[in-house]
Amino acid sequence: MARIFITGSADGLGFLAAKALIQSGHEVVIHARNEARATHITAQLPQSAGVLVADLSNPDAIKALAMQANTLGQFDAVIHNAGIYKSNANYTGNLPELFVVNSMAPYLLTALMHPPKRLIYLSSDMHLQGNADMGHLIDKINNNNITYSDTKLHDLILSMAISRLWKQVYVNTVNPGWVPTKMGGQGAPDNLEKGYETQVWLAVSNNREACVSGQYFYHQKKAHYLQPANEIAIQEKFLTICKEITGIPFPYTNG
Ligand SMILES: NC(=O)c1ccc[n+]([C@@H]2O[C@H](COP(=O)([O-])OP(=O)(O)OC[C@H]3O[C@@H](n4cnc5c(N)ncnc54)[C@H](OP(=O)(O)O)[C@@H]3O)[C@@H](O)[C@H]2O)c1
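For the structure given in this document, a descriptive report is provided here.

Calculation rules
- Residues numbered from 1 in each chain as written.
- Predicted model: local features only at pLDDT ≥ 70, side-chain atom pairs only at ≥ 80, totals over all residues.
- Near = placed C-beta within 6 Å.
- Nonpolar A, V, L, I, M, F, W, Y, C, P; charged D, E, K, R; others polar.
- Helix = DSSP H or I, 4+ residues; strand = E, 2+ residues; numbered from the N terminus.
- Buried ≥ 20, exposed ≤ 12 C-beta atoms within 10 Å, placed from the backbone.
- Contact = placed C-beta atoms within 7 Å.
- Axes fitted to C-alpha atoms, helices over the stretch in contact; angles between N-to-C directions.
- Parallel < 35°, antiparallel > 145°, perpendicular 65-115°, else oblique.
- Pairing = 2+ DSSP bridges.
- Core = buried A, V, L, I, M, F, W, Y, C linked by C-beta atoms within 7 Å.

Taken together, 26 residues sit near the ligand, with Gly8, Gly12, Gly83, Thr181 and Gly184 positioned nearest. Class assignment of the residues belonging to the shell around the ligand gives a composition of 12 nonpolar, 9 polar and 5 charged.

Before going further, it helps to spend a moment on unusual backbone geometry. Backbone geometry at asparagine 144 places phi at a positive 55°, although glycine is not the residue there. Turning to its location among the elements, asparagine 144 is positioned in the loop between helix H5 (137-142) and helix H6 (148-165). We classify asparagine 144 as exposed; it has 12 C-beta atoms within 10 Å. A positive phi is found at histidine 219, a non-glycine position, where the angle reads about 50°. Positionally, histidine 219 belongs in the loop between strand E7 (215-218) and strand E8 (221-222). Exposure remark for histidine 219: the 15 C-beta atoms within 10 Å place this residue in the partly exposed category.

Take the environment of leucine 153 next. Turning to its location among the elements, leucine 153 is positioned in helix H6. In this structure, the C-alpha to C-alpha distance between leucine 153 and glutamine 129, residues 24 residues apart in sequence, is 8.3 Å. Sequence-distant contacts of leucine 153, that is, excluding residues within four places in its chain, are made with His127, Gly130, Ala132, Leu226 and Ala229.

Here the focus is the environment of asparagine 145. Here asparagine 145 shows up in the loop between H5 and H6. Between the C-alpha atom of asparagine 145 and that of phenylalanine 99, which follows or precedes it by 46 residues, the distance is 9.8 Å.

The interhelical angle for the contact between H6 and helix H8 (residues 232-246), taken along N-to-C directions, is 105°, at an axis separation of 9 Å. Considered as vectors, H6 and H8 are oriented roughly perpendicular to each other. Across the interface between the two elements, His154, Ile157, Leu158, Met160, Ala161 and Arg164 of H6 pack against Ile234, Gln235, Phe238 and Leu239 of H8. Here the contact of H6 with H8 is composed, by residue class, of 7 nonpolar, 2 polar and 1 charged.

Here 8 strands make up an open sheet; going across it, the order is E3-E2-E1-E4-E5-E6-E7-E8 and the pairing mixed. Lying at the two open borders of the sheet, with one neighbouring strand each, are strand E3 (51-53) and E8. The strands touched by helix H2 (residues 35-44) are strand E2 (27-32) and E3; relative to E3, the strand with the most contacts, the crossing angle is about 165°. Contacting strand E1 (3-6), strand E4 (77-80), strand E5 (118-122), strand E6 (170-175) and E7, helix H7 (residues 192-204) crosses the sheet at an angle of about 165° to E5.

Moving on to the nonpolar core. Of all hydrophobic cores here, the largest spans 73 residues; its most connected members are Ile4, Ala17, Ala105, Ile157 and Ala203. Ranked by residues supplied to this core, first place goes to helix H4 (residues 97-112) with 10 residues. Residues in contact with isoleucine 4, not counting those within four places in the same chain, are Leu21, His26, Val28, Phe75, Asp76, Ala77, Ile79 and Ala203.

In structure tokens form, the structure reads like this:
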């Protein structure tokens, strides 16, 4: 039995991955944005090992979530799944919401939580349209013109950086396909089950093909991704920018 933490597990792929892992006998700690969503999800997944609450559009709440998660000890796997496609109209934070939820939350949680044995980051094939020029990232953040594609490329860059730096951890990225969730919309053409199977497999399987690091998967197969994500200079620049914005350095020697 493995212990797994999944962000954004109140709905969509995070919920379905949590449900599948619980049904297979694993211990899953779930996560919701607020108490109301936590109550809702606990009713849906009564056999979960607990629910943590944090709004990932609030950097202080992300840091507090990492501390809460650490009180539960080390996880075997963490799935960084929570994400948004566009900003909410009522968002009032100083930094672009897309960047905070999709890019900064995975960075902060990874930097502050006890390293698990496996890390999985949810990206998208839309990362292919992301801007890999880290020289302009601060300007994009300041001018609030970060795109969803940029943030999904950040997830891939982060994942590739950590796989290089933390040799003891299996670190991989997943493109779940365009699937019919709240984010994907009802008409999404890809297979919903296949949209969460890869994360579940990477989290718990001892199959040789799942015990790897630094890979980008689509439907359990290695897939084409934007090569600049592999460049050390780009990875280091991204980590430096995240450190400057959050005040939290990346713990290079942790993994
Ligand atoms: N669906 C697709 O076609 C598709 C394609 C490529 C990549 N992806 C990626 O797959 C991941 C999961 O997507 P999905 O389709 O399952 O999306 P979804 O159905 O919209 O679910 C997203 C989850 O993240 C949570 N979340 C969003 N903002 C949050 C915040 N500020 N604080 C806490 N939790 C928050 C949501 O909470 P609430 O339920 O409370 O809103 C929800 O549980 C995302 O990273 C997405 O980028 C999805």
